[in-house]
Amino acid sequence: DFSSGWEGEYDFCLSSGQNASNLEEYVALLDGVFLNEVMLQINPKVPSQRINKKINNDASLRIQNLSILIRQIKSYYQPTLERFFFS
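The rules we used
- Residues numbered from 1 in each chain as written.
- Predicted model: local features only at pLDDT ≥ 70, side-chain atom pairs only at ≥ 80, totals over all residues.
- Heavy atoms only, no water.
- Helix = DSSP H or I, 4+ residues; strand = E, 2+ residues; numbered from the N terminus.
- Patch = residues over 30% accessible without salt bridge, like charges linked within 9 Å, V, L, I, M, F, W, Y side chains within 5 Å.
- Areas by Shrake-Rupley, 256 points an atom, 1.4 Å probe, with all protein chains shown as cover.
- Salt bridge = Lys/Arg side-chain N within 4 Å of Asp/Glu carboxyl O.
- Buried < 20%, exposed > 50% of the residue type's maximum accessible area, 1.4 Å probe, protein only.
- Contact = heavy atoms within 4.5 Å.
- Axes fitted to C-alpha atoms, helices over the stretch in contact; angles between N-to-C directions.
- Parallel < 35°, antiparallel > 145°, perpendicular 65-115°, else oblique.
- Left-handed = near helix turned anticlockwise from the far one by under 90°.
- Nonpolar A, V, L, I, M, F, W, Y, C, P; charged D, E, K, R; others polar.
- pLDDT = per-residue confidence, 0-100.
- Expected span 1.5 Å × (residues − 1).
- Bend = angle between axes of the 7 residues up to and from the residue.

In the annotation of an unreviewed UniProt entry, the chain is listed under the name HOOK N-terminal domain-containing protein and assigned to Laticauda laticaudata.

Structure below.
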């Protein structure tokens with residue numbers, strides 16, 4: 001099941017009735033933890049990298065998480081893009 005393991009923790013991302021006034025929900029999304037977990041579900045073959053789950057408003061930790069996310073996205077899509085552009 002694709003959603004197993006994180007659906008309860010991040011229900012706000014899956015529901016259509018998001019509460020825009022709850023800043024913590026958006027921060028949890030923007031810190032990179034949830035998106036990295038989603039990419040791990042999409043592409044479990046990629047070697048797991050340590051994600052900082054306790055950001056505490058530290059910009060350097062958030063950047064580190066988002067850099068890991070970008071690497072995961074690149075590793076997932078790069079073979080497809082290379083076939084598309086170079087075939």
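Next comes the rest of the description.
Trainee: Any chance you could break down the environment of Lys-54 for me, citing the residues and the numbers?
Mentor: Within the element layout of this structure, Lys-54 appears in the loop between helix H3 (33–42) and helix H4 (59–86). Taking the C-alpha atoms as reference, Lys-54 lies 9.2 Å from Val-33; in sequence the two are 21 residues apart.

Trainee: An account of a nonpolar patch on the surface is needed here, citing residue identities and associated values.
Mentor: On the surface, Ile-42, Ile-73, Tyr-76, Tyr-77, Leu-81, Phe-84, Phe-85 and Phe-86 cluster together into a nonpolar patch covering about 880 Å² of accessible area. Considering every element that reaches the nonpolar patch, the biggest residue donor is H4, with 7 residues. On the basis of relative accessible area, Tyr-77 is assigned to the partly exposed category, the value being 44%.

Trainee: Can you break down the pattern of salt bridges residue by residue, with the values?
Mentor: Applying the stated criterion across every chain, the model contains 1 salt bridge. Glu-37 is the salt-bridge partner of Lys-53, the closest N and O atoms lying 3.3 Å from each other. Of this pair, Lys-53 sits in the loop between H3 and H4 while Glu-37 sits in helix H3, and the two are 16 residues apart along the sequence.

Trainee: Give me the lowdown on the side chain of Asn-43, citing residues and values where you can.
Mentor: Here Asn-43 is to be found in the loop between H3 and H4. Residues contacting Asn-43, with those up to four places away along its chain left out, are Ser-75 and Tyr-76.

Trainee: If you had to explain the packing of H3 against H4 to someone new, which residues and values would you point to?
Mentor: Describing two packed helices takes the angle between their axes plus the distance from one axis to the other. Remark: H3 packs on H4, axes separated minimally by 9 Å, with the N-to-C direction vectors making an angle of 25°. Put simply, H3 runs roughly parallel to H4. Crossing of H3 against H4: the hand is left-handed. Contacts between H3 and H4 involve Val-33, Leu-35, Asn-36, Met-39, Leu-40 and Ile-42 on the former and, on the latter, Asn-65, Ile-68, Leu-69, Gln-72, Ile-73 and Tyr-76. A breakdown of the residues in the contact of H3 with H4 according to their chemical character gives 9 nonpolar, 3 polar and no charged.

Trainee: Explain the confidence of the model for the chain to me, and be specific about the residues and the numbers.
Mentor: A low pLDDT score tells you not to read the predicted coordinates there in detail. With 75% of its residues at a pLDDT of 70 or more, the chain has an overall mean of 77. The spread of mean pLDDT over the elements of the chain runs between helix H1 (residues 11–14), the lowest at 47, and H3, the highest at 90. The low-confidence segment residues 6–10, where pLDDT is below 50, has 10 contacts with residues more than four positions distant or belonging to other chains. Segment residues 12–16 is flagged for pLDDT under 50; beyond a separation of four residues in sequence, or across chains, it makes 9 contacts in the model.

Trainee: So, H4: which residues are in play, and what are the values?
Mentor: For H4, with 28 residues, the first-to-last C-alpha span of 37 Å sits near the 40 Å given by 1.5 Å per residue. Along H4, the largest kink reaches about 45° and is centred on Tyr-77; proline Pro-79 follows within four residues of it. Looking only at H4, the buried set comprises Arg-62, Asn-65, Ile-68, Leu-69 and Gln-72. Along its buried surface, H4 packs onto helix H2 (23–30) and H3.

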